[in-house]
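Given next are the chains, with one letter for each unit.
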Amino acid sequence: MAEAAVRDIGAGILPGFGLWPGWLSPPDQATLLETVLAAIDEAPLYQPVTPGGRPFSVRMTNMGSLGWVSDRAGYRYQPTHPETGRPWPAIPPMLLALWAEATGREDQPDACLVNLYRNSAKMGLHQDRDEADMGAPVVSVSLGDTAMFRIGPADGGRTATVRLASGDVCALSGPARLARHGIDRVLEESSRLIAGGGRINLTLRKAA
DNA sequence: TAGTAGCT
DNA sequence: GCTA
C-alpha cells in the first residue's frame, strides 16, 4: 500500500474532506474484495427499509462489533445481523491498517458498513450522525464501478461532485465530519473488479 | 431528510 | 443540482 498524499479538495470548498485516489493497487483491491465476499457469505446482503418503510436501492451488510441498520424502528447500530441474528463478521486486518494510516489514530473502528450498488442503486444526500463519538472520522473505500459522489457542507451550502473510482479512499473528518453526502449514480461497466458488475463501498466508523 | 420523481 |  503506497503512501498516498492527502488531496484535500476542501480548500475553499470543504475543509476536512480528504481524498486519496488510487490508495489500493489493483492486486490489493482484489485481495480486499475476496475478504469482503467471504464476509458477505457469513452475513448476507439484505435490502433495508427507511423508517418510513421505503426500501433502499442499495443492499447492505456489516463487519465489526456493531453494524448500521435501518428499519421501521429507525436508524441504529446493533451487534447482530437483522435477518440471521448472528454477530457480524470481523473487520479484516487490512481495513484496520488502512484506518490507522488514513487517520493517524491509535484507536480502531468498530463498524464497517458494506454497501453494494447494483442496478442503478443510489444513496440520497444524508449526514452520518448515528455514531456516539462524532469526533472520530469516517473513512470510505470504493471497489468496483466508479461512483459520482456528491458532498456539501453540513449546514446546507453548495455541493460538489467527486468521482470515486475503485481503490480510492476518502475521509470525512473535522469540519467535514457532518458533511451532507450521497451517491448520485454509479457508472456501469467502468470497472471489471466485481463479477456481475456494480460497486461496493466500505465505510469505517467508530459507532460506540 | 441514508427515498424518489420531476424539472431546470 | 434543486424542490417537493
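Keep in mind the model is a prediction, meaning the values are calculated, not measured.

## Some remarks on the UniProt feature "domain: Fe2OG dioxygenase" (unreviewed entry) in chain A
UniProt tags residues 108-208 as "domain: Fe2OG dioxygenase" (unreviewed entry). Secondary structure across residues 108-208 divides into 0% helix and 47% strand, with the first and last C-alpha atoms of the span separated by 11 Å.

## Overview of the protein's contact with DNA strand C
Every residue near DNA strand C is listed here: Arg 150, Thr 159 and Thr 161. One nitrogen or oxygen atom from the side chain of Thr 161 is found 2.6 Å from a phosphate oxygen belonging to DNA strand C.

## Some words on unusual backbone geometry
If you check the backbone angles, Asn 119 has positive phi at about 55° while not being a glycine. Along the chain, the position of Asn 119 falls in the loop between strand S5 (111-117) and strand S6 (123-126). Exposure remark for Asn 119: the relative accessible area of 71% places this residue in the exposed category. Positive phi outside glycine occurs at Ser 120, with the angle close to 65°. Relative to the assigned elements, Ser 120 resides in the loop between S5 and S6.

## Details of the protein's contact with DNA strand B
Around DNA strand B, the structure places 15 residues, and the nearest of them are Phe 56, Trp 68, Tyr 75, Gly 124 and His 126. Protein-adjacent atoms of DNA strand B, using a 4 Å cutoff, are sugar or phosphate at a proportion of 61%. His 126 places a polar side-chain atom, nitrogen or oxygen, 3.2 Å from a sugar or linking oxygen of DNA strand B. A distance of 3.5 Å separates a base nitrogen of DNA strand B from a polar atom in the side chain of Arg 205. Counting residues per element, the surface near DNA strand B draws most heavily on S6, at four residues.

## Concerning the pairing of strand S8 (residues 147-152)
Of all the six residues making up S8, five are buried; the element is thus mostly covered by neighbouring parts of the structure. For S8 and strand S9 (residues 160-164), the ladder comprises five bridges, and the chain directions are antiparallel. Following the sheet pairing, Phe 149 is matched in S9 by Val 162. Looking at chain direction, S8 and strand S11 (residues 180-186) are connected through six bridges and run antiparallel. Note that in S11 the partner of Ile 151 across the bridge is His 181.

Reading the values: the criteria
- Residues numbered from 1 in each chain as written.
- Chains lettered and ligands numbered in written order.
- Predicted model: local features only at pLDDT ≥ 70, side-chain atom pairs only at ≥ 80, totals over all residues.
- Heavy atoms only, no water.
- UniProt positions renumbered as here; feature names shortened; annotations may be inferred.
- Helix = DSSP H or I, 4+ residues; strand = E, 2+ residues; numbered from the N terminus.
- Near = heavy atom within 4 Å.
- Polar contact = N/O pair within 3.5 Å; in protein donor to acceptor, adjacent residues only side chain to side chain.
- Buried < 20%, exposed > 50% of the residue type's maximum accessible area, 1.4 Å probe, protein only.
- Pairing = 2+ DSSP bridges.

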